[in-house]
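# Inside the fold
The chain contents come next:
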Amino acid sequence: MAGSVTQQFKVGFASGAPAQIDATAQQREVSDEFDIIAPWDTPFLSLLGKSVGSPGMSMKHEWVEPDLWAKTLTISSTTSATTAEVTLTLASAVAYQVPLNSVWLNRTSGELVYATARASTTTLTVVRDYAGSTGATSATGATYDYAGVAHKEGADTVFAGHPVKSFPFNYYQLFEQGLEITKPSKTLDEYGMDRYEYERETYMRTLKYGLEASIIHGLAFYGDGDEAAMLGGIYNFATAANGAYVAALASAALAESHLNTALRDRLDTVGLGEIARDVFINSFLKQKLDSIYENRIRTTAGERTGGSVIDRIQGSIVDLSLHLSPNMKRDELIVLNLGKLKVVNWPGMNWFEGQLPSSALTATKEGIAGMFTLEDRAVQTNIKLTGISTSS
C-alpha cells in the first residue's frame, strides 16, 4: 500500500494556513451526524446501526470462524449390512466433525449406525444395524443424518469432533473528502443554511453513500504502489468457494421457487437460527417480489428500522424483510444475516473532520474522513442470485 499507516492518519486534515495562523488541526468526531444522514440511501448501514464495531489494530483485519458441525454424512463406497464394526468411507473430509458415540440415521432404509472412532479425515469406524434397526446395503452416495449421541453409563468420557477453524480477513479502506469554502461565501445564506454547512452535508452524504457501495461491491485489496487499499464487500465474501449459496438465473424471470430453493439449501446447511432473512434489492426487483407475493399474508408495509423503510413478506420457508438499496444492481439480489455482519472502524478513525482556522480573507478548508472495513461472520448463510431477467 502506498505510504505508511501514519500518513493514512494525516489524510483529511487541512493545510496551507497563513503563517500568522495556528497550524494545529482542530479535529472533531462527527460519526453521530453520519448516522442520521440519508438513511434511505444507505439502508445497509442504517440497519446495522452505529457505523462502528470493535476497533481494529492493523491494516489487515482478521477473525476466527469455525466450520459448521456435520449434520449429514455421505458415503463414497458401498457397504453391506452387518452388526460388526466396519469402516464408512465418506465423500468429503468431515470425519473430524463427527462426535464419537454419535448415532446416524439412514432415512431411506431406517438403519442406525453408531460412530466409535475416527480413522482418518474421510473414514469413520461405525457399528451397523445399531439398536436393533434393520440394516441394508448402503450404496455409494447414501446419506446418514445426525440422530443424537448415546453414551454407555460408566464408560470413559469421549470428546467431540474438532471443527477446523478458518481465518477470514479484510482490509481497511480510507474514505476522505476535502471541503473548501471562501469566507465571503460562508457568510451567505442559501436554502435556509449557510453555504459551508450546505456543502459539508452534501459531502458527508456522498461519503456515507460511498461506504455503503464499498460494503456491497468492494474487492479486498491491500494496496500496491500508488493504488489505495479497498475493503472487501458482501460480493467479495458471498461466493460459492466461501460456502455461500450462489445461483445464476441465466436471464430467467425471478420466481418464488428461486428463493425457496436457496433458503431450503441454507436451512439444511446452517439451520433455522442462522438462516439469512434480509433481502436487499433495487426498485425493479422490489416490484417483481411484490407481484410474486401479492396473494400472501403480509405485514403492514413501511416498518421503519434505523431510518430504512422495509416490507415484510411471509415466505414458505421463513419470513423475509425486503430492503430497497440504490447500490443493488437491477439483475441481482442478496439475502443476508445482518446479525453476523459488522462495520469496523480503525481506532480513532470513525467519521471525523479536521479544520484549520483562517483569516477573513482566506478560505475555510476542511477534511472529512473515516477508515472502515467489513467483518462477515455469516459467509455460509449468504445468498446471492445473479443474472435475473430485467424485462418488464
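About the criteria used
- Residues numbered from 1 in each chain as written.
- Predicted model: local features only at pLDDT ≥ 70, side-chain atom pairs only at ≥ 80, totals over all residues.
- Heavy atoms only, no water.
- Helix = DSSP H or I, 4+ residues; strand = E, 2+ residues; numbered from the N terminus.
- Buried < 20%, exposed > 50% of the residue type's maximum accessible area, 1.4 Å probe, protein only.
- Contact = heavy atoms within 4.5 Å.
- Areas by Shrake-Rupley, 256 points an atom, 1.4 Å probe, with all protein chains shown as cover.
- pLDDT = per-residue confidence, 0-100.
- Pairing = 2+ DSSP bridges.
- Axes fitted to C-alpha atoms, helices over the stretch in contact; angles between N-to-C directions.
- Expected span 1.5 Å × (residues − 1).
- Arc of directions from axis to C-beta.
- Salt bridge = Lys/Arg side-chain N within 4 Å of Asp/Glu carboxyl O.
- Phe/Tyr/Trp six-rings, centres within 6.5 Å; stacked < 30°, edge-to-face > 60°.
- Lys NZ or Arg CZ within 6 Å of the ring centre and 35° of its normal.
- Core = buried A, V, L, I, M, F, W, Y, C linked by side-chain atoms within 4.5 Å.
- 1 Å grid on protein atoms, 1.4 Å probe; cavity = no way out; pocket = protein on both sides within 12 Å on 5 of 7 lines; lining within 4 Å.
- Points joined across faces, edges and corners; volume = space filled by probe spheres on them.
- Nonpolar A, V, L, I, M, F, W, Y, C, P; charged D, E, K, R; others polar.

### Comments concerning the overall build of the chain
Along its length, the chain carries 8 helices and 24 strands. Across the 392 residues that make up the chain, the buried fraction comes to 43%. Across the chain, every contact between residues at least 6 apart in sequence was considered, and the portion connecting residues at least 24 apart equals 75%. For the chain, the computed accessible surface area is about 18800 Å², with 52% contributed by carbon and sulfur atoms.

### Structural notes on the confidence of the model for the chain
Residues of the chain with pLDDT of at least 70 account for 77%, and the chain-wide mean is 78. Here residues 1–23 scores under 50 on pLDDT; set against residues more than four positions off or in separate chains, the count is 44 contacts.

### Considerations on the sheet that holds strand β9 (residues 143–149)
Across the sheet, 6 strands lie side by side as β4-β9-β6-β7-β8-β5; this open sheet has antiparallel pairing. Edge strands, defined here as strands with exactly one partner in the open sheet, are β4 (72–74) and β5 (85–89). Strand-to-strand twist of the sheet, defined as the mean angle between neighbouring strand axes without regard to direction, takes the value 40 degrees. Pairing between strand β6 (residues 102–105) and β9: 3 bridges, direction antiparallel. When the sheet's bridge partners are listed, Ser-102 is paired in β9 with Val-149.

### Describing helix α7 (residues 256–270)
Between its terminal C-alpha atoms α7 stretches 21 Å, which fits the 21 Å expected from 15 residues at 1.5 Å a residue. Restricting attention to buried positions, one finds in α7 the residues Glu-256, Leu-259, Asn-260, Ala-262, Leu-263, Arg-266 and Val-270. Buried residues in α7, looked at end-on, bunch into an arc of 165 degrees, giving them a common side. Each element contacted by the buried residues of α7 is listed here: β15 (245–248), α8 (283–292), β19 (319–324), β20 (333–336) and β24 (383–386).

### Points about the pattern of salt bridges
Considering all chains together, one arrives at 9 salt bridges under this definition. With its nearest N and O atoms 2.6 Å apart, the salt bridge here joins Glu-111 to Arg-128. Separated by 17 residues along the polypeptide, Glu-111 in the loop between β6 and β7 (112–120) and Arg-128 in the loop between β8 (123–127) and β9 bring together distant segments of the chain. Take Glu-111: its relative accessible area is 0%, and that puts it in the buried class. The exposure class assigned to Arg-128 is buried, which follows from its relative accessible area of 0%. The closest approach of N and O atoms between Lys-340 and Glu-274, which form a salt bridge, is 3.6 Å.

### A short note on the packing of aromatic side chains
Taken as a whole and assessed by the stated rule, the structure comprises 9 aromatic pairs. When the ring of Trp-63 is compared with that of Phe-237, the centres are 6.0 Å apart and the planes differ by 50 degrees; the resulting orientation is tilted. Highlighted residues: Trp-63 in the loop between β2 (60–62) and β3 (65–66) and Phe-237 in helix α6 (residues 234–237), separated in sequence by 174 residues. Measuring from centroid to centroid gives 5.3 Å for Tyr-172 and Trp-346, while their planes differ by 85 degrees, and the two rings are edge-to-face. With Tyr-172 in the loop between β11 (169–171) and β12 (173–182) and Trp-346 in the loop between β21 (341–345) and β22 (352–355), the pair connects residues that are 174 residues apart, well separated along the chain. We classify Trp-346 as buried; its relative accessible area is 7%. Grouped by ring-pair contacts, the aromatic residues Phe-169, Tyr-171 and Tyr-222 constitute a single cluster. When the ring centre of Phe-169 is taken as origin, the NZ or CZ atom of Lys-60, which lies over that ring, is 4.3 Å away. Looking at Lys-384, its charged tip hangs above the ring of Tyr-235, at a distance of 4.8 Å from the centre.

### Describing the nonpolar core
Counting 32 residues, the largest nonpolar core has Phe-44, Leu-211, Ile-234, Phe-280, Leu-336 and Trp-351 as its most contacted members. Of all elements in the fold, only α3 (43–48), α5 (195–217), α6, β20, β21 and β23 (363–376) reach the threshold of two or more residues within this core. Ranked by residue count, the leading element in this core is α5, at 5 residues. Setting aside residues up to four positions removed in sequence, Leu-336 forms contacts with Phe-44, Ile-234, Ala-276, Arg-277, Asp-278, Phe-280, Leu-341 and Asn-382. With 24 residues, the next largest nonpolar core counts Leu-263, Ile-275, Ile-313 and Ile-383 among its residues.

### Thoughts on the layout of surface pockets
Estimates place the volume of the largest pocket at around 360 Å³. Trp-69, Ala-70, Lys-71, Thr-72 and Gln-97 are the residues nearest the centre of the largest pocket, which is lined by 17 residues in total. Ranked by residues supplied to the lining of the largest pocket, first place goes to β4 with 3 residues. Taken together, the residues of the lining of the largest pocket sort by class into 8 nonpolar, 6 polar and 3 charged.

### Description of the side chain of Thr-42
By secondary structure assignment, the location of Thr-42 is in the loop between α2 (31–36) and α3. Under the relative-accessibility criterion, Thr-42 is labelled buried at 1%. Ignoring any residue separated from it by four or fewer positions in sequence, one finds Thr-42 in contact with Ile-37, Lys-208, Tyr-209 and Glu-212.

### Considering unusual backbone geometry
Residues other than glycine seldom take positive phi values, yet Asn-101 does so here, at roughly 65 degrees. In this structure, Asn-101 sits in the loop between β5 and β6. Look at Ser-251: it is not a glycine, yet its phi comes out positive at around 70 degrees. Tracing the sequence through the fold places Ser-251 in the loop between β15 and α7. For Ser-251, a relative accessible area of 57% gives the class exposed.

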